[in-house]
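Residue-level structural notes
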Amino acid sequence: MSARTNWMMLLVWVMLLALPSAAWTQATQQQLFVTVVDATTGQGVHDLGAEHFVVQEDGVQRQILGASLATEPLEIAILVDTSEAARSIMREVQEGVSAFVEGLRFNIGLGVGDQVALMTFGGARFILVDWTSDLEQLKEGATKLRSRQGTGTFLPDAVNDTAKDFIEREAARPVLVVVSADGIDYSSHRDFRRIVQELRGSYTLMYSVFIPTASRRMTLNWDSRERDAVLTEGPRQTGGRRINLSGRQAITGALMSIQNELTSQYVVTYHRPESPVPPERLSLGVTRPNLTVRLTPRKPQ
């Protein structure tokens, strides 16, 4: 292995628990969505080709058939905490969500196929703006985000329900963005591992933005721990990331960094020989130094 090669190692059996076995046992072209950003600046990298990617399965290098920037339309569910704990951050959340959807329109063509839904989870999940490509409708919806007095959150339930929605919609490129404060969560004792399995099964890429508020002292209940696990493991196991903020002023910047990553995804295609047993380990590398890469399995076509 060259010293100039950056590697991201991922235990594929963890990622593949929810994937159809046929997709990984037949001789076929396999595809991955790969997010690539500069490790120093965080800016997207858009000039890589097939020669820059290396894929290994169980230590065996696979033939790269192609790599190009992803152009397939996105289906993005934005889940926003509107519980009482989020009251102090709602203005910044409104501004951040509005900037996020506006950036999508200009950078990845919101009006030509991408779909966005705006949902809340102050109490049970509520669809504030149903799936649409209408930028003005989404921006108007952002202005209606309000905290609900006396409510906690149901975040694990909301994430689980959204993953099921993606499955029902047969979403080809689903993305879930969660913005959460740190109040009490009242979800129905769902095991976070089952929720992550639902995310993987729907091929969802998840991001979470977590903002501490003055209610932090109130969060030491079991369901809040499950919520924290979903916010951490959901992104980690689907190719996204968790962003922990120290203050509300950084909310817009965090959401725009996610938008930047969504414009910096490649589709990497490689050949996998026929095998009755799926691989246990997948390694993906790039030959250019100082890059950060993360992968999300692509739903079989």
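Residues numbered from 1 in each chain as written. Predicted model: local features only at pLDDT ≥ 70, side-chain atom pairs only at ≥ 80, totals over all residues. Heavy atoms only, no water.

1. Overview of the overall build of the chain
Scanning the chain for helices and strands turns up 8 helices and 14 strands. Each of the 301 residues in the chain was classed as buried or not, and the buried ones make up 56%. Contacts spanning at least 24 positions in sequence make up 84% of the contacts within the chain whose residues lie at least 6 apart. Within the structure as shown, the chain displays about 13,200 Å² of accessible surface, and the carbon and sulfur contribution to it stands at 49%. (Helix = DSSP H or I, 4+ residues; strand = E, 2+ residues; numbered from the N terminus. Buried < 20%, exposed > 50% of the residue type's maximum accessible area, 1.4 Å probe, protein only. Contact = heavy atoms within 4.5 Å. Areas by Shrake-Rupley, 256 points an atom, 1.4 Å probe, with all protein chains shown as cover.)

2. What about the pattern of salt bridges?
When charged atoms on two side chains of opposite charge get close, those side chains can pair. Under the criterion given, the structure shown has 13 salt bridges. Measuring nitrogen to oxygen at the nearest pair gives 2.8 Å for the salt bridge that ties Arg272 to Glu57. Pair noted here: Arg272 is in strand β12 (residues 265-272) and Glu57 is in strand β3 (residues 53-57), with a separation of 215 residues, a long-range link. Owing to a relative accessible area of 3%, Arg272 belongs among the buried residues under this scheme. Overall, the relative accessible area of 1% leaves Glu57 in the buried class. A single network of salt bridges, built from pairs that share partners, joins Glu57, Arg62 and Arg272. (Salt bridge = Lys/Arg side-chain N within 4 Å of Asp/Glu carboxyl O.)

3. Quick look at the pairing of strand β2 (residues 28-38)
Strand direction decides the pairing type here: β2 and β12, joined by 8 bridges, are antiparallel. Opposite Thr35, over in β12, you have Gln265 as the bridge partner. (Pairing = 2+ DSSP bridges.)

4. Notes on the sheet that holds strand β11 (residues 242-244)
If you walk across this open sheet you meet the 6 strands as β8-β7-β6-β9-β10-β11, and the pairing is mixed. The sheet is open, and its two edges are formed by β8 (126-132) and β11, each paired on a single side. Each neighbouring strand pair of the sheet contributes to a mean axis angle of 10°, computed without reference to strand direction. Bridge count between strand β6 (residues 75-80) and strand β9 (residues 174-180): 6 bridges; the pairing is parallel. The residue bridging Ile76 from the neighbouring strand is Val175, located in β9. (Axes fitted to C-alpha atoms, helices over the stretch in contact; angles between N-to-C directions.)

Shape descriptors only; they carry no functional weight alone.
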